[in-house]
Amino acid sequence: MPESEVKAEKETPVSTSKIDSSGDLPPLPDQKPIAPSHARVVLEVVKILPDLAPAGNGPCSQAPCKTQVLISRVIGYGSGFNQTLEEGKQVRAHFPMSVKAGGGRPEITAGKKITADVRGSLSENDPLMVRSYSLLD
């Protein structure tokens, strides 16, 4: 082998990392993967909107389900999530089972910080759909 090829072989850095070069990091052991079409975010509840669903007997006809939230941090996106969420931006969020406690869910009130898995809205004016959440405070 010519000396220049031997020298080049010696200078080539060898990575011992188990993370592939695409830059994707594996999920941390205590975090579950983010579902397709969802994003994981930290939200601060700015206010609970008093609107109730006009008809039916579902949870949103008996307690508020809509909120105004501040996106404090974007943790990550699942595959196929079609929006870009901006940290520091206020948006509306919908809690399909209401903001009241029940079924193992804690109550959501103004000023609370939560980590939430949200599904994107179909248009800019539609709220984010909160699929699951946990309190940070």
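All values reported here derive from a predicted model rather than from experimental measurement.

Draft legend 1. Main features of the environment of Lys112. Along the polypeptide, Lys112 turns up in the loop between strand S3 (90–94) and strand S4 (113–119). For Lys112, a relative accessible area of 26% corresponds to the partly exposed category. Note: C-alpha distance between Lys112 and Val45 (67 residues apart in sequence) is 5.5 Å.

Draft legend 2. Structural view of the packing of aromatic side chains. Here the structure, examined in full by the defined rule, presents two aromatic pairs. Both rings, one in Tyr77 and one in Phe81, keep their centres 5.3 Å apart while their planes meet at 35°; by these two values the pair is tilted. Classification of Tyr77 as partly exposed rests on a relative accessible area of 37%. On the basis of relative accessible area, Phe81 is assigned to the buried category, the value being 12%. With a centroid separation of 5.4 Å and 85° between ring planes, the pair formed by Phe95 and Tyr133 is classed as edge-to-face. Of the two residues, Phe95 is situated in the loop between S3 and S4 and Tyr133 in strand S5 (residues 128–135); the sequence distance between them amounts to 38 residues. Accessibility assignment for this pair places Phe95 and Tyr133 in one class, buried.

Draft legend 3. Representation of the nonpolar core. Among the nonpolar cores identified, the biggest contains 20 residues, and Leu43, Leu85, Phe95 and Val118 are the most heavily contacted of them. Elements represented by at least two residues in this core include exactly strand S1 (38–48), strand S2 (66–77), S3, S4 and S5. Examining the composition of this core, we find that four residues originate from one element, S1, more than from any other. Setting aside residues no more than four positions away along its own chain, Phe95 makes contact with Cys60, Cys65, Thr67, Ile108, Ile114, Val130 and Tyr133.

Draft legend 4. A look at the side chain of Thr67. Looking at the secondary structure, you find Thr67 in strand S2. Accessibility expressed as a relative area gives 0% for Thr67, which makes it buried. Setting aside its immediate chain neighbours within four residues, Thr67 contacts Val45, Lys47, Ile48, Leu49, Val91, Arg92, Ala93, Phe95 and Val99.

Draft legend 5. Molecular detail of unusual backbone geometry. With phi around 65°, Ser37 is a residue other than glycine that occupies positive phi space. Take Ser37: it is sitting in the loop between helix H1 (3–11) and S1. One non-glycine residue, Ser98, lies in positive phi territory at about 80°. The residue Ser98 is located in the loop between S3 and S4 in this model.

About the thresholds
Residues numbered from 1 in each chain as written. Predicted model: local features only at pLDDT ≥ 70, side-chain atom pairs only at ≥ 80, totals over all residues. Heavy atoms only, no water. Helix = DSSP H or I, 4+ residues; strand = E, 2+ residues; numbered from the N terminus. Buried < 20%, exposed > 50% of the residue type's maximum accessible area, 1.4 Å probe, protein only. Phe/Tyr/Trp six-rings, centres within 6.5 Å; stacked < 30°, edge-to-face > 60°. Core = buried A, V, L, I, M, F, W, Y, C linked by side-chain atoms within 4.5 Å. Contact = heavy atoms within 4.5 Å.

It is worth stressing that arrangement in space is one thing and function is another; only the former is reported here.
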